[in-house]
Amino acid sequence: MGSGATAGSKRMKSIYARGLLLPALVSLAACQPTPPPVSEIRVEDAWARPSRGASMTTEGSDSRAVTATSAVYMVLHNEGGRGDTLLAARTDAARAVEIHESRMDGGVMRMRRADRVEIPAGEAVRLKPGGLHLMLVGLTRELAVGDELRVEIDLADAGSRTIIVPVREP
Amino acid sequence: MKRLTILASAVVLLLILLAALVYTVVTNRPPELAGTYLEPPVNAADFELTSVDGTVRKSDFRGRFVVLFFGYTFCPDVCPTTLARLRTAMDLLGPGAGEVQVVMVSVDPERDTPERVSSYAQAFNPGFIGVTGTPEEVAAVAADYGIFHARAEGSPETGYLVDHTAAVMVLDRDGNTRMIWSFEITPEQVASDLEYLIEHV
């Protein structure tokens, strides 16, 4: 009786195993391996500040290295499954673009350059006045409300892309 | 005769003190103000700085409220944000804006010439005044108003940056500091606070 039950259950197990194993092998063969998660960056509401002052970019008397500045803001949504990083940006409207962050330190506003901006998976990072922004240094032309800039942004994972940035008032 | 004079003087003094007490009690800090209201106002020194049109003295604006902001034209983010908010606030204020003078003092006199700071301020609103001076003059005015400013290292591209107090001062019609707005203030709050000041102060 004991052996019969054991033998019976053994057979049951064997049938079970074969029954499960075959479909499992088949489905494994049919499926692609699960792809690694990627970042999916969507840029929303990008805008640039108008440049200020008459002929600020062409004041010949100021022979300093830099002239007028502007700032570009946007919201970076990471709708993918992997974190990404904003590394750099460039535009033909300025000699250089740097990532900066304005920070309040006991009533004193300090602006510091940031090497990068982390954009975690599933989150959105907002570049906004008084906070993170792209600083445009050495404007090559006047930025008037209604103008558009082409800004190329470099993302570590998602690569580089060009975004159209309208010039508007905040 | 002398005793009567002393008595009379004492009574008058007492009445004055009483009036002052009542006045202070009655004019409490109004609950609706967004800025920090200074009661009594803080006596602030006159200043003499330079705009594109020449010498500008604080006493030039007696009879009007002065919105005093310290910034620099090279600033890409904070200063334009503040000036744009003040511009919007002046629009909201409508005719009341005639009672207010916005003055931007440069904390970067080495780079901000009178022409530069004036045209910068005027680009936000033609009525805004931008002033600068020698580094010593600017430092003295900033110190008078408790404004911190210091150079910070930038990159070869940007040159130096300037850290500075981002608060905005409001001076009353006698040129004394009456209110302080923090950086986060909205245009609506600015307009509303100024309306109160114009009406009651």
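Below you will find a few notes about this structure. (Residues numbered from 1 in each chain as written. Chains lettered and ligands numbered in written order. Predicted model: local features only at pLDDT ≥ 70, side-chain atom pairs only at ≥ 80, totals over all residues. Heavy atoms only, no water.)

## A closer look at the packing of aromatic side chains
Put simply, the rule reads: Aromatic rings from Phe, Tyr and Trp, with only the six-membered ring used for Trp, were paired whenever their centres fell within 6.5 Å, and each pair was classed as stacked if the ring planes differed by under 30 degrees, edge-to-face if by over 60, and tilted otherwise. Strands are runs of DSSP state E lasting at least 2 residues, helices are runs of H or I lasting at least 4, and numbering of each runs from the N terminus. Here the term buried applies to any residue with accessible area under 20% of the maximum for its type, exposed to any over 50%, and partly exposed to those in between, with areas from a 1.4 Å probe on protein chains only.
Scanning all chains against the criterion turns up 5 aromatic pairs over all chains. Ring geometry for A:Trp47 versus A:Tyr73: centroids 4.7 Å apart, planes at 35 degrees, classification tilted. Separated by 26 residues along the polypeptide, A:Trp47 in strand 1 (residues 41-48) and A:Tyr73 in strand 2 (residues 69-78) bring together distant segments of the chain. Across the pair, exposure class does not vary: A:Trp47 and A:Tyr73 are buried alike. For the ring pair B:Phe47 and B:Tyr145, a centre distance of 6.3 Å and an interplane angle of 75 degrees mean the geometry is edge-to-face. Here the residue B:Phe47 occupies a position in the loop between strand 1 (36-42) and strand 2 (48-51), and B:Tyr145 occupies one in the loop between helix 4 (135-144) and strand 7 (149-152), the gap between them amounting to 98 residues. With respect to class, B:Phe47 is no different from B:Tyr145; both count as buried. Through a chain of ring-to-ring contacts, the aromatic side chains of B:Phe47, B:Phe70 and B:Tyr145 assemble into a single cluster.

## Description of the interface of chain B and chain A
Heads up, the rule is: By definition in these notes, contact holds between two residues if any of their heavy atoms fall within 4.5 Å. By definition, the buried area sums, over both parts, the 1.4 Å-probe accessible area that each loses when the two are put together. Salt bridge, as used here, is a side-chain nitrogen of Lys or Arg placed within 4 Å of a carboxyl oxygen of Asp or Glu. Amino acid classes used here: Ala, Val, Leu, Ile, Met, Phe, Trp, Tyr, Cys and Pro are nonpolar; Asp, Glu, Lys and Arg are charged; the rest, including Gly, are polar. The pairing criterion is simple: DSSP has to find at least two bridges between the two strands.
With 31 residues of chain B at the interface, the matching set in chain A holds 36 residues. The contact between chain B and chain A buries some 2600 Å² in all, and 56% of this surface belongs to carbon and sulfur atoms. At the surface where chain B touches chain A, the tally comes to 4 salt bridges. The closest approach of N and O atoms between A:Arg112 and B:Asp163, which form a salt bridge, is 2.9 Å. Sorting the residues of the side of chain B that touches chain A by element identifies helix 2 (78-93), helix 3 (114-124) and strand 8 (161-165) of chain B as the ones contributing at least two each. Taken together, the residues that form the side of chain B that touches chain A break down as 15 nonpolar, 8 polar and 8 charged. In this sheet, strand 8 of chain B lies alongside strand 5 (residues 108-113) of chain A in antiparallel orientation, the contact comprising 2 bridges. Bridging from a neighbouring strand, A:Val108 pairs with B:Thr165 of strand 8 of chain B.

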